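# Architecture and fold: a report
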Amino acid sequence: FPSHDNAIILVSELWNYREFERPLRQDLVESMEKEGYRRNDPVIVIVLQSGLRHGALEAYVAEGNHRLVAAKHLGIKKVPVRFVFWKGEAERGWNK
């Protein structure tokens, strides 16, 4: 992947990369029911380049955890994603 790249990804593929579990927000559900998932508001996935060098993909959803929960609840199969590659070591304060 390039340093910053946008793609459309299956919600099911992103689910295990959530930073941590988030509750369902009814306001997001109602907004997505009316407008659909906004293509100009992608989920941000951080990919740690240190993990790529060692052969293991390390990544997490940095922005959009609540939107993923709402999309899954509504049966939305794919969402826009922006991949950002992080060159340094990241703090491990997140869960997969």
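Scroll up to find the structure.
About the criteria used
- Residues numbered from 1 in each chain as written.
- Predicted model: local features only at pLDDT ≥ 70, side-chain atom pairs only at ≥ 80, totals over all residues.
- Heavy atoms only, no water.
- Axes fitted to C-alpha atoms, helices over the stretch in contact; angles between N-to-C directions.
- Helix = DSSP H or I, 4+ residues; strand = E, 2+ residues; numbered from the N terminus.
- Parallel < 35°, antiparallel > 145°, perpendicular 65-115°, else oblique.
- Left-handed = near helix turned anticlockwise from the far one by under 90°.
- Contact = heavy atoms within 4.5 Å.
- Core = buried A, V, L, I, M, F, W, Y, C linked by side-chain atoms within 4.5 Å.
- Buried < 20%, exposed > 50% of the residue type's maximum accessible area, 1.4 Å probe, protein only.
- Pairing = 2+ DSSP bridges.
- Polar contact = N/O pair within 3.5 Å; in protein donor to acceptor, adjacent residues only side chain to side chain.

Right, let's talk about the packing of helix H2 (residues 26–35) against helix H4 (residues 65–74) for a bit. Packed helix pairs are specified by the crossing angle of their axes together with the interaxial distance, meaning the distance between the axes. Running from N to C, H2 and H4 point in directions that differ by 60°, and their axes come no closer than 9 Å. In this view, H2 runs oblique relative to H4, as classed from their interaxial angle. In this structure, the crossing between H2 and H4 has a hand that is right-handed. Every residue of H4 that contacts H2 at Leu-28, Val-29, Met-32 and Glu-33 is listed here: His-66, Arg-67, Ala-70, Ala-71, His-73 and Leu-74.

Right, let's get into the nonpolar core. Note that soluble globular proteins tend to have their nonpolar side chains buried in a common cluster. Core analysis: the largest hydrophobic core is formed by 20 residues, its most contacted members being Val-43, Val-45, Leu-68, Val-79 and Val-81. Elements supplying a minimum of two residues to this core: helix H1 (11–14), H2, strand E2 (43–48), strand E3 (58–63), H4 and strand E4 (78–86). In contact with Leu-68, other than residues within four places in its own chain, are Val-11, Leu-14, Trp-15, Arg-18, Val-43, Val-61 and Val-79.

Glancing now at the environment of Ala-62. Following the sequence through the fold, Ala-62 ends up in strand E3. Sequence separation between Ala-62 and Ile-44 is 18 residues, and the spatial gap between their C-alpha atoms is 5.5 Å. Excluding residues within four positions of it along the chain, Ala-62 makes contact with Glu-19, Ile-44 and Ile-46.

With that out of the way, let us pick up the pairing of E2. Summarising burial for E2: 5 of the 6 residues are buried, a large majority. Here E2 pairs with E4 via 6 bridges, running parallel. Along E4, the bridge assignment pairs Val-43 with Val-81. Relative to E3, E2 runs antiparallel, the two sharing 5 bridges. Across the sheet, the residue bridging to Val-47 is Ala-59, located in E3.

The next point concerns the side chain of Arg-18. Mapped onto the fold, Arg-18 is located in the loop between H1 and H2. Judged by relative accessible area, which is 13%, Arg-18 ranks as buried. In terms of polar contacts, Arg-18 uses its side chain to reach the backbone carbonyl oxygen of Trp-15, at 2.8 Å.

Just distances and angles here, no functional claims.
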